[in-house]
Amino acid sequence: ETREFKRSWGCDREYWRNKGLKGWVHSATGGRSGVRWQLLRARAALGVPAKTICWKDPFATLATPYLDKKHEARIACLVRHPAAIHCSTERQGWGFNIENLQNQEELIATLGGDVPAAHWDLAKKHHAASIAVLWKIMMRVNTALKSDRLLLVKHEDLCRKPVPTARGVLEHLGASWSDALEGFVSRNCEGGAVDGREGQVHDFHRNSEGLTEAWRSRIAAEEEEMMKEIAGDDVSEYYGAW
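Conventions used here
- Within each chain, residues carry numbers counting from 1 in the order of the written sequence.
- Under the rules for a predicted model, residues below a pLDDT of 70 receive no local features and side-chain atom pairs below 80 are neither given nor counted, while totals for whole chains, interfaces and linings still include all residues.
- Side-chain metrics rest on all non-hydrogen atoms present in the structure, leaving aside hydrogens and water.
- Nonpolar cores were defined as sets of buried Ala, Val, Leu, Ile, Met, Phe, Trp, Tyr and Cys residues, with membership established by side-chain atoms within 4.5 Å.
- Exposure is judged per residue with a 1.4 Å probe applied to protein chains only, and the accessible area is read against the type maximum: over 50% gives exposed, under 20% gives buried, and values in between give partly exposed.
- The helix count covers DSSP runs of H or I at least four residues long, the strand count covers runs of E at least two residues long, and both are numbered beginning at the N terminus.
- Any pair of residues with heavy atoms lying within 4.5 Å of one another is described as a contacting pair.
- For this quantity, the arc is that covered by the directions from the helix axis to the C-beta atoms.
- Under the rule applied, a polar contact is a pair of N or O atoms within 3.5 Å (in protein, one hydrogen donor and one hydrogen acceptor; residues adjacent in sequence only if both atoms are side-chain atoms).
- In predicted models, pLDDT denotes the confidence assigned by the predictor to each residue on a 0 to 100 scale.
- For salt bridges, the criterion is a side-chain nitrogen of Lys or Arg within 4 Å of an Asp or Glu carboxyl oxygen.

1. Some points on the nonpolar core
Core analysis: the biggest nonpolar cluster contains 32 residues, and Leu-101, Leu-107, Trp-120, Val-133, Trp-215 and Met-227 have the highest contact counts within it. Taken together, the elements giving at least two residues each to this core come down to helix H5 (82–92), helix H6 (98–102), helix H7 (105–111), helix H8 (117–125), helix H9 (127–143) and helix H14 (221–239). Looking at this core element by element, the count peaks at 11 residues for H9. Once residues lying within four places of it in the same chain are set aside, the contact partners of Leu-107 are Leu-62, Leu-101, Gly-112, Ile-137 and Val-141. Leu-67, Cys-77, Leu-145 and Leu-150 belong to the second largest nonpolar core, which has 5 residues in total.

Written out as structure tokens, the structure is:
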């Protein structure tokens, strides 16, 4: 439906309506992204659809084989250390119901058969363990997909070498690079703060270099050991070390 411009822009209207006037406007329009998408849908209805859609959605990580084989889409998958994901999502107050993953029987039988029952139990009780199991399965989905259309990119590389890494992603996706874009990437990776200002989720003016290792001073020792027990081998295989 997204590919054919049939999918409308969805948003949590009750959440946004609790945010005052700006929230009401966002709930009605979907914000800047929602308006942009509606314009693209209008173009499609008039018979002049956009030739290319760049769809950014972290929840699509498990769908890369489908996107590759069904739609022959070019995919860039950004990989971040699971401990960093744990610290970031915990700070935002975001949880994950591991049973939603465990209930995908074919997926787990294929790529998670070696996950012991004890680890599933830990994942139902501890946020860190749930992220570790999820990361393990997500990585296996993507590393098992041998396709020239899939590019795996380390989040740490994007933070430490933002310009060449971002340029490589765009080249893989068939998008153009420019001096203006290079300036934008550079400016927004050289901020003073590691965390988003005032709790912002999407604060692009960050100290990206400091972001890569910030989790090491924030994660509790018992949580780190738990995550290493569950996903340590998979992390070491991809990163070369924990």
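2. A word on helix H4 (residues 64–71)
Along an α-helix, residues three or four positions apart point the same way, because every turn accommodates 3.6 residues. Where H4 is concerned, the buried positions are Thr-64, Leu-67 and Asp-68. Summarising the axial view, the buried residues of H4 lie within an arc of 95°, below the 170-degree limit, and thus occupy one face. Across from the buried face of H4, at angles greater than 90 degrees, the exposed residues are Lys-69 and Lys-70. Each element contacted by the buried residues of H4 is listed here: strand S1 (75–79) and H9. Within two residues after H4, Glu-72 carries a phi angle of roughly 50°, on the positive side.

3. What to know about the environment of Glu-156
Tracing the sequence through the fold places Glu-156 in helix H10 (residues 155–160). Accessibility expressed as a relative area gives 6% for Glu-156, which makes it buried. Ignoring anything within four residues of it in the chain, the contact list for Glu-156 reads Val-79, Arg-80, His-81, Thr-212 and Tyr-239. Within the local environment of Glu-156, its side chain forms a polar contact with the backbone nitrogen of His-81, the two atoms lying 3.3 Å apart.

4. A few points about the confidence of the model for the protein
In this model, the protein carries an average pLDDT of 89, and 93% of its residues clear a pLDDT of 70 or more. Looking at the elements of the protein, mean pLDDT is at its lowest for helix H13 (residues 208–211), recorded as 74, and at its highest for H14, recorded as 97.

5. With respect to the environment of Gln-38
Structurally, Gln-38 is set in helix H3 (residues 31–45). Of the residues examined, Gln-38 reaches a relative accessible area of 34% and is grouped as partly exposed. C-alpha separation for the pair Gln-38 and Val-79, spaced 41 residues apart in sequence, amounts to 30 Å.

6. Concerning the pattern of salt bridges
Applying the stated criterion across every chain yields a total of 9 salt bridges. A salt bridge links Asp-234 to Arg-140, with the shortest nitrogen-to-oxygen separation between them at 3.1 Å. Of this pair, Asp-234 sits in helix H14 while Arg-140 sits in helix H9; the two residues are 94 residues apart in sequence, bridging distant segments of the chain. The exposure class of Asp-234 is buried, given its relative accessible area of 13%. The closest approach of N and O atoms between Arg-167 and Glu-182, which form a salt bridge, is 3.5 Å. Taken as a pair, Arg-167 in helix H11 (residues 162–173) and Glu-182 in helix H12 (residues 179–187) lie far apart in primary sequence, 15 residues in all. Residue classification places Arg-167 among the partly exposed residues on the basis of a relative accessible area of 27%. According to the relative accessible area criterion, Glu-182 is partly exposed, its value standing at 28%.

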